[in-house]
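# Observations on the three-dimensional arrangement
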Amino acid sequence: MLQLGVNIDHVATLRQARRTVYPSLAEAAALCERAGAQGITIHLREDRRHIQDADVYALRRTLTTRMNLEMANHPDIVAVALDVRPEEVCMVPERRQELTTEGGLDVAGQRDALAPVVAALRAAGITVSLFIDPDARQVDAAAAIGAPTIELHTGAYAEHAGAAREQERARLADAAQRAHALGLTVNAGHGLSLENIDPILAIPHLDTLNIGHSIVCRALFVGIEQATREMLEKLQQRR
């Protein structure tokens, strides 16, 4: 079964807008889990714009499914990951000025910097995923440095329409095939919604889709538990 990881960063964005203690991340995560989500994703950014260090530690105690901690290759964040020991870490690129993660990690160009961090995280019992564009060179580099999992960046697919979108979907499918042949677990995410996800479901070898912004936005109208259920119903249509 294709699994769903719900990214709850933007629940924290709403909280940080007023620096309040609500809405509760623990409650949001629990409702997603009750709806059937198989994991919860959070991104501890260097600028701490939404998720805070205390959130990572608190959620580690309360989650009943797996924690997927998104993070840049920064010593302070790596130290938190090694201390908290989530089930999974997804390493992503990060720029302070970006609104959200833009593009995949350049694994091929950063092998020397990434390889020892991947090894240290894996030695701590953490599954390591690398967030990459659907590019053969990046898939090969991820396998070469010992990452067992990749997450394909679906942002370009989500931003395009028509023939351009289909071209991006084909790139994602080719990358998934290549990664599977190399023995990698294949996840995907970024910009996916109820409206654009159907063609993604046809991509082979996908294990987990990590989806956040569209679920949190939908939750404004139907609640986060129902929004999660709706997305899970979509995923269950996969054949």
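For the structure itself, consult the block above.
Values in this document were obtained by computation on a predicted structure and should not be read as measured data.

So, about the overall build of the protein. Along the protein, the regular secondary structure elements total 10 helices and 8 strands. If one aligns the C-alpha atoms of the protein with their principal axes, the spans along those axes are about 45 × 40 × 35 Å. For the protein, the residues scored as buried account for 52% of the 239 residues in total. Considering only residue pairs separated by 6 or more positions, the protein has 67% of its internal contacts joining residues 24 or more positions apart. Accessible surface for the protein amounts to roughly 10700 Å². Of this, 50% is attributable to carbon and sulfur atoms. Counting 25 positive and 31 negative side-chain charges, the protein places the centres of these two groups 2 Å from one another.

Moving on, we get to the packing of aromatic side chains. This structure, assessed with the given rule, holds 0 aromatic pairs. If you follow Arg165 out to its NZ or CZ, it ends over the ring of Tyr157, 4.9 Å from the centre.

Another aspect to go through is the pairing of strand 2 (residues 39-43). Buried residues dominate strand 2, accounting for 5 of its 5 residues. Along strand 2, one buried face is formed by Gly39, Thr41 and His43 and the opposite face, lined by Ile40 and Ile42, is buried too. Where strand 1 (residues 3-7) meets strand 2, 3 bridges bridge the pair, whose relative direction is parallel. When the sheet's bridge partners are listed, Gly5 is paired in strand 2 with Gly39. Where strand 2 meets strand 3 (residues 66-71), 5 bridges bridge the pair, whose relative direction is parallel. Paired with Ile40 across the two strands is Met67, which belongs to strand 3. Handedness of the crossover joining strand 2 and strand 3 through helix 3 (residues 53-62) is recorded here as right-handed.

Our focus in this paragraph is helix 2 (residues 25-35). All of the buried residues along helix 2 are Leu25, Ala28, Ala29, Cys32, Glu33 and Ala35. Axial view of helix 2: buried residues confined to an arc of 160 degrees, hence all on one face. Turned more than 90 degrees off the buried face of helix 2, the exposed positions are Glu27 and Arg34. On its buried face, helix 2 sits against strand 1, helix 1 (9-18), strand 2, helix 3 and helix 10 (224-235).

Once that is clear, we can look at the packing of helix 2 against helix 3. Their axes nearest at 10 Å, the elements helix 2 and helix 3 cross at an angle of 40 degrees. Overall, the two elements helix 2 and helix 3 adopt an arrangement that is oblique. Like other packed secondary-structure pairs, helix 2 and helix 3 cross with a definite hand, here right-handed. Across the interface between the two elements, Leu25, Ala26 and Ala29 from helix 2 touch Asp55, Leu59 and Thr62 from helix 3.

A word on empty space enclosed by the protein. The final tally for this structure, using the stated rule, is 1 cavity of 30 Å³ or more. Estimates place the volume of the largest cavity at around 30 Å³. Lining of the largest cavity is provided by Gly5, Gly39, Ile40, Thr41, Arg66, Asn68, Glu88 and Asn210. At the level of elements, strand 2 and strand 3 are the ones that each hand at least two residues to the lining of the largest cavity. Tallying contributions element by element places strand 2 first for the lining of the largest cavity, with 3 residues.

Rules of the game
Residues numbered from 1 in each chain as written. Predicted model: local features only at pLDDT ≥ 70, side-chain atom pairs only at ≥ 80, totals over all residues. Heavy atoms only, no water. Helix = DSSP H or I, 4+ residues; strand = E, 2+ residues; numbered from the N terminus. Buried < 20%, exposed > 50% of the residue type's maximum accessible area, 1.4 Å probe, protein only. Contact = heavy atoms within 4.5 Å. Areas by Shrake-Rupley, 256 points an atom, 1.4 Å probe, with all protein chains shown as cover. Lys, Arg positive; Asp, Glu negative; His and termini not counted. Charge placed at Lys NZ, Arg CZ, Asp CG, Glu CD. Phe/Tyr/Trp six-rings, centres within 6.5 Å; stacked < 30°, edge-to-face > 60°. Lys NZ or Arg CZ within 6 Å of the ring centre and 35° of its normal. Pairing = 2+ DSSP bridges. Right-handed = clockwise from strand over helix to strand, strands pointing away. Arc of directions from axis to C-beta. Axes fitted to C-alpha atoms, helices over the stretch in contact; angles between N-to-C directions. Parallel < 35°, antiparallel > 145°, perpendicular 65-115°, else oblique. Left-handed = near helix turned anticlockwise from the far one by under 90°. 1 Å grid on protein atoms, 1.4 Å probe; cavity = no way out; pocket = protein on both sides within 12 Å on 5 of 7 lines; lining within 4 Å. Points joined across faces, edges and corners; volume = space filled by probe spheres on them.

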